[in-house]
Every structure is written in structure tokens, then in C-alpha cells.
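Below, each chain spelled out in residue letters.
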2 protein chains.
Amino acid sequence: MVEKGNSRSRGSYRTAGVPVSTLLTFFAHLLFIAITTLLLVWLLQFRDGLSFTSTKLFNLHPFFMIIGFVLISGEAIMAFTTIPAKRRTRKYFHMFLHSIGLGSSIVGLFAIFKFQHDTGKSNLLTLHSWIGISTVSLYALLYIVSLLVFFFPGAQNWRRARLAPWHVLYGIAVFFMGIVSAETGLIQKFIALGLQKGQEALIVNFTGLLLLLFGISIGLVVLLPVSYY
Amino acid sequence: MVEKGNSRSRGSYRTAGVPVSTLLTFFAHLLFIAITTLLLVWLLQFRDGLSFTSTKLFNLHPFFMIIGFVLISGEAIMAFTTIPAKRRTRKYFHMFLHSIGLGSSIVGLFAIFKFQHDTGKSNLLTLHSWIGISTVSLYALLYIVSLLVFFFPGAQNWRRARLAPWHVLYGIAVFFMGIVSAETGLIQKFIALGLQKGQEALIVNFTGLLLLLFGISIGLVVLLPVSYY
């Protein structure tokens, strides 16, 4: 298996001497900050804030799903190839961030199911909910299988090497589904709130737009070194 | 540059002797047929049908965008690596399908702008419209630049070889944006129509779900051979 992280500078993608993946990683971190800020402004200033009490319970759903799940799992994906550390360190940090991602996705699901239950609404009617629940299920499955194969008890080396590329591709596909879930969720809320023009509409739309750029950046960070070494 | 199409069987991804990319291509074609069928049932049976007259004008938007743009450009992407023909033939067919994709996206945009104008609605308020118009613009840009670089007048060979991987990555990113545009559009219409349960709701949701699988299949078809030869 190709050792990705340390051979990064050999990639054919360079702009003025700097590997493009370094620029993309930096850009993705900036997007992480921007999206988190926008989302917090939206939830705290326009949507009553965050709490486990029933009126504000809904707000925990986008909070945990977008920041805790999508953004942090994106950082987890990048961490494996971009952190300047030994393979073992990178691997553990990758798992640590994905653990936060998985935990957040479960809290996020709990929040929305409890909110729907408390307000007497039906669950799982929209495309957002279908894609969302598939994403979290596939993510949890990947997490568990990966833990067994790559950590405890851990498979034989040749088997791990053989499974690694599948892990990457499956992971990218699930991350891609996470982005689609978030985008469909944002627009669903946008229409349900009857937003048109104005500050809140712009905040929601810009969150979605930056999230799309975040997804593309992460995809490129992962695909660049794997594809062209 | 690696000659992808003919060395496909050397890929490390095989299931019972059949390259996984062959199975995925077959699966993607099936999804093409299923999505087209669902969408036509939706537009013809539930939504008054297709026509350039004002009440049915809206329906041309999903028709041209999903079938003409997203599905056909997906086929165009696969065509380059999967058609059992000479490189030159694959390249021309790739361009031919993308020409249909570009034409469709322009007609699809025209349909929705004219519909909004005729019904006195504002344009470009939602995340769907923002992502959608960005997608079509970036797609048109890629089409024109690719035509100049790879067809007429055509750049020098070493320059084409150098630009080819960028063309692939940029193309995947735009295709990914096309999928997100379609998903956000479907859910926006779903909420605006007030759909809940029932046949029409299921048809719209399944169209979205299959479209997501189509996107993932195409992504894998392109990424598998490039990544692991």
C-alpha cells in the first residue's frame, strides 16, 4: 500500500511550488471556521439558541449534524493524510475525530426524533430524512468494521492493506452523502420557515454554499495524492 | 498520462473475477433507466406533462436538468473510460454526450427563468438556485476550455497530458455539484407542493435516492481505475 502522507510533495499538482493539497487543506480549515460561525450565528441569533428543552431541541439537530458530524468527519478524513506526524499518530487522530463524528451524529438523530415526537410530527417522510438516516447508518457501519479491521483485534497486514483502498472509497462516498444530507436539510428548513430574502435567508444559503466547497476541498485533498503518485 | 480504458482489467478491484468497475457501470446504466422512468411518471402522470406553454413550463426544468444534464453528463463521464473502443472514438463520444448535457442545462435554465418570470416570482433566492446556477456556469466553462485544449485548436501534447488530470478532477467536482443541485431541487419542490406520504411523495423521494446512487456509482467508476493502477 502506498504511504500517502509523507510523499505528498511528490504529487504532480503544484502551484508556484506549493502542493495544491496544502492550499486545499488550509482552505478547508478556513471553511470549517466560517461554516461553524455562520451556523452558530443562525442558531443563536435567529433561532432561539441551543438546548435540550423541547422548543430549542430542533436546533441541536443542525448543530450536531453539521458541525459535529459533517465538519469534524471531514477534518478526520484530511487528518489521515495531512498531519505532519507518524502514521500511527495520524491513524489514532483520524479515529479520534471520527469517534466525535459518530457520537455527534447519534445525538443529532436523537434530537430530531425527540423533537418530532414531542411536536407530534411524522418521521422519515422527506428525501432529507431518507438520505440522512442512510448516511448515519453507513457511517456507523464503516466505523465499526474499520475499528475491527484496523484497530482491535486488527486483521493481518496483507488483509488490512487490501481493505485500505476500499475503506477510503467507501468513506468518500459516505462523506459525500453527508454533504448531500446537510444541503437537503438546509433547504428543507429554508422552505419550511418561509425564508425569502433578508439576513437569515442569506446565512442559511451561505452555510450551504460553503459546505459544498468544504466537501469539494476534502474530496480533492484525498483524491489528489492517491490518484497521481 | 495513463491510458485508462484498455488497462481496466488490471485494476485491484475485482469481485469473482469481474472488475468492480464493470459491475458499477452496469448498475449505473440501470439507475439511468430507473430514474428516467420515475421522473417521466412523475411529470406526465402527476404534474400535467411537458410543454413550453406556461403552466407546464416548470416541468421542463427537472426534465432537462435531471435527464438531459445530470444523467447524460454522468454517462458522458463513464463513456470515456468504459466504452470498448479506441481512445479517439471514446473521446468524441464523451464530448458528444457532454454537448447534449450542456444544451439541456441551458434549456433547463431557460425553462425555469421563463416560468418564474411568467408567474411573477423572484429568481435566485434559494440554495438550490445558487448551487444550480454555479454548477451550470462551471460546467459551461469546463466544456469551452476542454474544447479548446483537447479538440480545436488543441494544445501541444505535453500540455494536454498535464491538463488531463485537472480536467478529470474539475469534472468530478462539477458532476458532484450537479447531483447536489438536483437533490436540493427535488426536496424544494417536495416541500413546496406540500407532499407528505402517498405515491407522488414516494416517486420524488425514490428519484432523489436513486440519483444519489447514480452519482456514487459514476464517482467510483471514474476513481477506481485512476486511483489504483
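Residues numbered from 1 in each chain as written. Chains lettered and ligands numbered in written order. Predicted model: local features only at pLDDT ≥ 70, side-chain atom pairs only at ≥ 80, totals over all residues. Heavy atoms only, no water.

Colleague: Explain the environment of A:Arg90 to me, using residue names and the numbers behind them.
Modeller: Residues and elements named next belong to chain A. As for its position among the elements, Arg90 is in helix H3 (residues 87-118). When the C-alpha positions of Arg90 and Met78 are compared, they lie 9.8 Å apart, and in sequence the two are twelve residues distant. At 2.7 Å, the side chain of Arg90 and the backbone oxygen of Phe80 are in polar contact. (Helix = DSSP H or I, 4+ residues; strand = E, 2+ residues; numbered from the N terminus. Polar contact = N/O pair within 3.5 Å; in protein donor to acceptor, adjacent residues only side chain to side chain.)

Colleague: Got a sec to walk through a nonpolar patch on the surface? Specific residues and values, please.
Modeller: Where nonpolar side chains cluster on the molecular surface, the patch consists of A:Phe26, A:Leu30 and A:Ile33 and spans about 330 Å² of accessible area. On the secondary structure map, A:Leu30 appears in helix H1 (residues 20-46). (Patch = residues over 30% accessible without salt bridge, like charges linked within 9 Å, V, L, I, M, F, W, Y side chains within 5 Å. Areas by Shrake-Rupley, 256 points an atom, 1.4 Å probe, with all protein chains shown as cover. Salt bridge = Lys/Arg side-chain N within 4 Å of Asp/Glu carboxyl O.)

Colleague: Provide a residue-level description of empty space enclosed by the protein, including the pertinent values.
Modeller: Here the structure, examined in full by the defined rule, presents three cavities of 30 Å³ or more. Lining the largest cavity are 22 residues, and of these A:Ile172, A:Phe176, B:Ile172, B:Phe176 and B:Leu223 lie nearest its centre. Elements supplying a minimum of two residues to the lining of the largest cavity: helix H5 (157-192) and helix H6 (199-228) of chain A together with helix H5 (157-192) and helix H6 (199-228) of chain B. Looking at the lining of the largest cavity, its residues break down into 18 nonpolar, four polar and no charged. (1 Å grid on protein atoms, 1.4 Å probe; cavity = no way out; pocket = protein on both sides within 12 Å on 5 of 7 lines; lining within 4 Å. Points joined across faces, edges and corners; volume = space filled by probe spheres on them. Nonpolar A, V, L, I, M, F, W, Y, C, P; charged D, E, K, R; others polar.)

Colleague: Describe the UniProt feature "domain: Cytochrome b561" (unreviewed entry) in chain A, and please don't skip the residues or the numbers.
Modeller: Taking the numbering used here, the UniProt-annotated feature "domain: Cytochrome b561" (unreviewed entry) corresponds to residues 27-223 of chain A. Annotated as residues 27-223 of chain A, this span is 85% helix and 0% strand, and its ends, taken at the C-alpha atoms, are 16 Å apart. (UniProt positions renumbered as here; feature names shortened; annotations may be inferred.)

Colleague: Break down unusual backbone geometry for me, with residues and values.
Modeller: For residues that are not glycine, phi is negative in most cases, and the peptide bond is trans in most cases. Residue and element names in this part refer to chain A. Residue Phe152 is joined to Pro153 through a cis peptide bond whose omega torsion reads -5°. By secondary structure assignment, the location of Pro153 is in the loop between helix H4 (127-151) and H5. In this model, Asp48 sits at a positive phi of 75°, which is unusual for a non-glycine residue. Within the secondary structure, Asp48 sits in the loop between H1 and helix H2 (54-82).

Colleague: With reference to specific residues and values, describe the interface of chain B and chain A.
Modeller: Facing 41 residues of chain B, the contacting portion of chain A comprises 41 residues. Both faces combined, the contact of chain B with chain A buries some 4000 Å², and carbon together with sulfur accounts for 83% of it. Interface area lost by chain B to chain A is led by B:Leu127, B:Trp130 and B:Phe176, which between them contribute 16%. Counting the contacts that link chain B with chain A gives zero salt bridges. Elements that contribute at least two residues to the side of chain B that touches chain A include exactly helix H4 (127-151), H5 and H6 of chain B. The element contributing the most residues to the side of chain B that touches chain A is H5(B), with 17 residues. Split by residue class, the side of chain B that touches chain A holds 30 nonpolar, nine polar and two charged. (Contact = heavy atoms within 4.5 Å. Buried area = accessible area lost by both parts, 1.4 Å probe.)

Colleague: Help me get a handle on the packing of H5(A) against H5(B), residues and values and all.
Modeller: Look at H5(A) against H5(B): their axes get within 9 Å of each other, and the N-to-C directions meet at 35°. Here H5(A) runs over H5(B); the crossing is right-handed. Taken together, the residues of H5(B) that come into contact with H5(A) (itself represented by A:Phe176, A:Ile179, A:Val180, A:Glu183, A:Thr184, A:Ile187, A:Gln188, A:Ile191 and A:Ala192) are B:Phe176, B:Ile179, B:Val180, B:Glu183, B:Thr184, B:Ile187, B:Gln188, B:Ile191 and B:Ala192. (Axes fitted to C-alpha atoms, helices over the stretch in contact; angles between N-to-C directions. Left-handed = near helix turned anticlockwise from the far one by under 90°.)

Colleague: Run through the relation of the copies chain B and chain A, naming residues and quoting values.
Modeller: Here chain B sits on chain A after a turn of 180° about the axis and a move of 0.0 Å along it, with an RMSD of 0.0 Å. Accordingly, the operation relating the two chain copies is best matched by a two-fold axis. When you check the interface residues of chain B against chain A, 100% turn up at the interface there too, and the contact is symmetric in its surfaces. (Least-squares fit on C-alpha atoms with pLDDT ≥ 70 in both.)

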